[in-house]
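Reading the structure
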Amino acid sequence: KNQVEQSPQSLIILEGKNCTLQCNYTVSPFSNLRWYKQDTGRGPVSLTIMTFSENTKSNGRYTATLDADTKQSSLHITASQLSDSASYICVVSSTGNTPLVFGKGTRLSVIA
Amino acid sequence: ETGVTQTPRHLVMGMTNKKSLKCEQHLGHNAMYWYKQSAKKPLELMFVYNFKEQTENNSVPSRFSPECPNSSHLFLHLHTLQPEDSALYLCASSKTGSGRPDTQYFGPGTRLTVL
């Protein structure tokens, strides 16, 4: 069964600290993996997208990694800011017309 | 702003009411989607429209009825809903909904409460 598991479910960190969010998936055959940020009361916004051949991609203070062999991805946030408080959703897609498989998300709270 | 707008942003309705959710995209995309987001659950894909044609219906109850008059507009007609239908309903669009999946751009959602 195609699944995406994210951990931790929620996380609280101090402003300025780094953190890493995890995503494990069983989707096959793999096409690409995306990380989305969803602020409260808003729709998800794409942060990164990685295909099979890419193992790291950065977007400002966000760096995503992908290990297609172990089917794991991580999202590392550097020097966190209060505005990073949001849900981070991992989404994996398969080749062809298979629907995207969404994780439940990690709720990150950055506090002063 | 992602280029995808949704109205209304909030909706409270009784189980016997009929209402409609509206989505509009200004990105020139050809595919549009409806998702349901419930608390502590992954996003659930409901419907996919590609070039105004419905290409996916993920076993959604008939009390939800989508309509796509053109590539820029998408509606979700609601009637005789149940309290468990209360959720955030998200609309998204992408360049194309067939072949290789591409990045979807989401609207802000409609927070629906069914009493």
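Coordinates for the structure precede this section.
Because the structure is predicted, anything quoted here is derived from the model rather than measured.

Turning to the packing of aromatic side chains, a few remarks are in order. Under the counting rule described, the total for this entry stands at seven aromatic pairs over all chains. With centroids separated by 6.1 Å and ring planes inclined at 45°, the aromatic side chains of Tyr62(A) and Tyr88(A) adopt a geometry described as tilted. Placement of Tyr62(A) in strand β7 (residues 62–67) and of Tyr88(A) in strand β9 (residues 86–94) is noted, with a sequence separation of 26 residues between them. For the pair Phe64(B) and Tyr89(B), a centre-to-centre distance of 5.8 Å together with 35° between the ring planes defines the contact as tilted. With Phe64(B) in strand β7 (residues 64–70) and Tyr89(B) in strand β9 (residues 87–94), this residue pair connects regions lying 25 residues apart in the sequence. For the pair Phe64(B) and Tyr89(B), a shared accessibility class is recorded, and that class is buried. Site record: aromatic cluster; members linked through ring pairs are Tyr36(A), Phe102(A), Tyr33(B), Tyr35(B) and Phe106(B). Residue placement shows Arg61(A) over the ring face of Tyr62(A); its charged tip is 5.7 Å from the ring centre.

What counts and how
- Residues numbered from 1 in each chain as written.
- Chains lettered and ligands numbered in written order.
- Predicted model: local features only at pLDDT ≥ 70, side-chain atom pairs only at ≥ 80, totals over all residues.
- Heavy atoms only, no water.
- Phe/Tyr/Trp six-rings, centres within 6.5 Å; stacked < 30°, edge-to-face > 60°.
- Helix = DSSP H or I, 4+ residues; strand = E, 2+ residues; numbered from the N terminus.
- Buried < 20%, exposed > 50% of the residue type's maximum accessible area, 1.4 Å probe, protein only.
- Lys NZ or Arg CZ within 6 Å of the ring centre and 35° of its normal.

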